[in-house]
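Spelled out from the first residue to the last, the chains are:
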Amino acid sequence: MIPASFDYIRATSLAHAIGLLQTDPDGSKLVAGGHTLIPTLKLRLASPALLIDIGGISELKGIEVADRVRIGALTTHAELLASEPLRKLLPIFYQAADLIADPQVRNRGTIGGSLANADPAADWPAVSIALHAELELAGPAGRRHVAAKDFFVDIMTTALGHDEVLVAIHIPYPNTGAQFRYRKIRHPASGYAVVGVAVALRLQDGLVSEAAIGITGATGRAFAADSASAHLNGKPLSSQNIANAALLACEQAECLSDGYASADYRKHLLRTEIIRALTSLTNA
Ligand SMILES: Cc1cc2nc3c(=O)[nH]c(=O)nc-3n(C[C@H](O)[C@H](O)[C@H](O)COP(=O)(O)OP(=O)(O)OC[C@H]3O[C@@H](n4cnc5c(N)ncnc54)[C@H](O)[C@@H]3O)c2cc1C
């Protein structure tokens, strides 16, 4: 449990961090909260020659809730849990952060680290997909925005280039009446999602006018359950429509299998959690 030796530099600015990444893209790693990276180094699953600490870069910090919502990549789970303006506008951040691990992990782990790491069982990928978030990336060629639904490519693989930094998460201001729900089946040891479901939904005159569902835990990467969302649009949120939507999402999911949950069991949990999440919004 002792990492291989590495150099350590605390980046003083975003440009500094990108410059350092460029000098050795394969041999350097950014470190934010370190709650995934440090165990990975200790297990020698990675042995970068250089760790670039981005913890002091002010541009990566802070939660802005105004006519737009911007969350800096270095924002910790605990900060997301504690933000009253965010809880008022987008309570799904509170709901999800409250289910992440334990206070120690929540105090150190960052939303940017979670998204960049793309663990298939992490919570924020599903939330960012359901909220139609855009992820702001900065690299040597400048800035670009990637929709959350396109960001997660495979297990632990994202659209981030080797020399890019995730700067912030941008979320469109929700329409009046939008409702949100995050539910998950927690792994009993880590708290990670065996299955996690994020829903953003709006009802108008008894019919669904907007629906977006993000799924994590079930498959190798978080995904948007588009066929389920499309099925709900324009319909009442009846138990039959909810059940149909849950089945459509399950059809889209090639579920993972591991020692804790088989693929069939995960699929069962996915269906159940989607039904529970949507049903909880019918009476909200
Ligand atoms: C015991 C335990 C339980 C956990 N339970 C949960 C849980 O229930 N749910 C959950 O979602 N997560 C869980 N986590 C994960 C944790 O919450 C963190 O989100 C995760 O460790 C990554 O965030 P970090 O800031 O620690 O990133 P780091 O460990 O510092 O970095 C992770 C990876 O992301 C890269 N990276 C970090 N920041 C950026 C950036 N801004 N731009 C580009 N790349 C970047 C790093 O180079 C590295 O490859 C758990 C972790 C532990 C140790």
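Everything numeric here is computed off the predicted structure, so don't read it as measured data.

Participant: It is not clear to me how the nonpolar core should be interpreted in this structure. Could you clarify?
Facilitator: Among soluble globular proteins, nonpolar side chains are generally buried collectively. Phe 93 and Trp 124 are the most contacted members of the largest nonpolar core, which has 39 residues in total. Top element by residues in this core is helix 8 (residues 124-130). It accounts for five residues. Each of domain 2 (58-172) and domain 3 (178-282) gives at least three residues to this core. Setting aside residues up to four positions removed in sequence, Trp 124 forms contacts with His 77, Leu 80, Phe 93, Ala 96, Ala 97, Ile 100, Ile 111, Ser 114 and Leu 115. Residues Val 194, Ile 215, Ala 261 and Ala 277 belong to the second largest nonpolar core, which totals 29 residues.

Participant: Quick question: what am I supposed to make of the site of the ligand here?
Facilitator: Leu 30, His 35, Thr 36, Thr 110 and Asp 123 are the nearest of the 30 residues found near the ligand. Between the ligand and His 35 there is a distance of 2.8 Å, counted from an oxygen atom to a backbone nitrogen or oxygen. Tyr 192 places a polar side-chain atom, nitrogen or oxygen, 3.1 Å from a nitrogen atom of the ligand. At the level of elements, strand 2 (28-31), helix 7 (111-117) and strand 10 (165-171) are the ones that each hand at least two residues to the shell around the ligand. With four residues, the top contributor of residues to the shell around the ligand is helix 7. Class assignment for the residues of the shell around the ligand results in 15 nonpolar, 12 polar and three charged.

Participant: Would you take a moment to explain the side chain of Thr 158 for this structure?
Facilitator: With respect to the helices and strands, Thr 158 occurs in strand 9 (residues 157-158). By relative accessible area, Thr 158 is classed as buried at 14%. Within the local environment of Thr 158, its side chain forms a polar contact with the backbone nitrogen of Leu 160, the two atoms lying 3.0 Å apart.

The rules we used
- Residues numbered from 1 in each chain as written.
- Predicted model: local features only at pLDDT ≥ 70, side-chain atom pairs only at ≥ 80, totals over all residues.
- Heavy atoms only, no water.
- Core = buried A, V, L, I, M, F, W, Y, C linked by side-chain atoms within 4.5 Å.
- Buried < 20%, exposed > 50% of the residue type's maximum accessible area, 1.4 Å probe, protein only.
- Helix = DSSP H or I, 4+ residues; strand = E, 2+ residues; numbered from the N terminus.
- Domains from an automatic or database assignment.
- Contact = heavy atoms within 4.5 Å.
- Near = heavy atom within 4 Å.
- Polar contact = N/O pair within 3.5 Å; in protein donor to acceptor, adjacent residues only side chain to side chain.
- Nonpolar A, V, L, I, M, F, W, Y, C, P; charged D, E, K, R; others polar.

These figures capture arrangement, not role.
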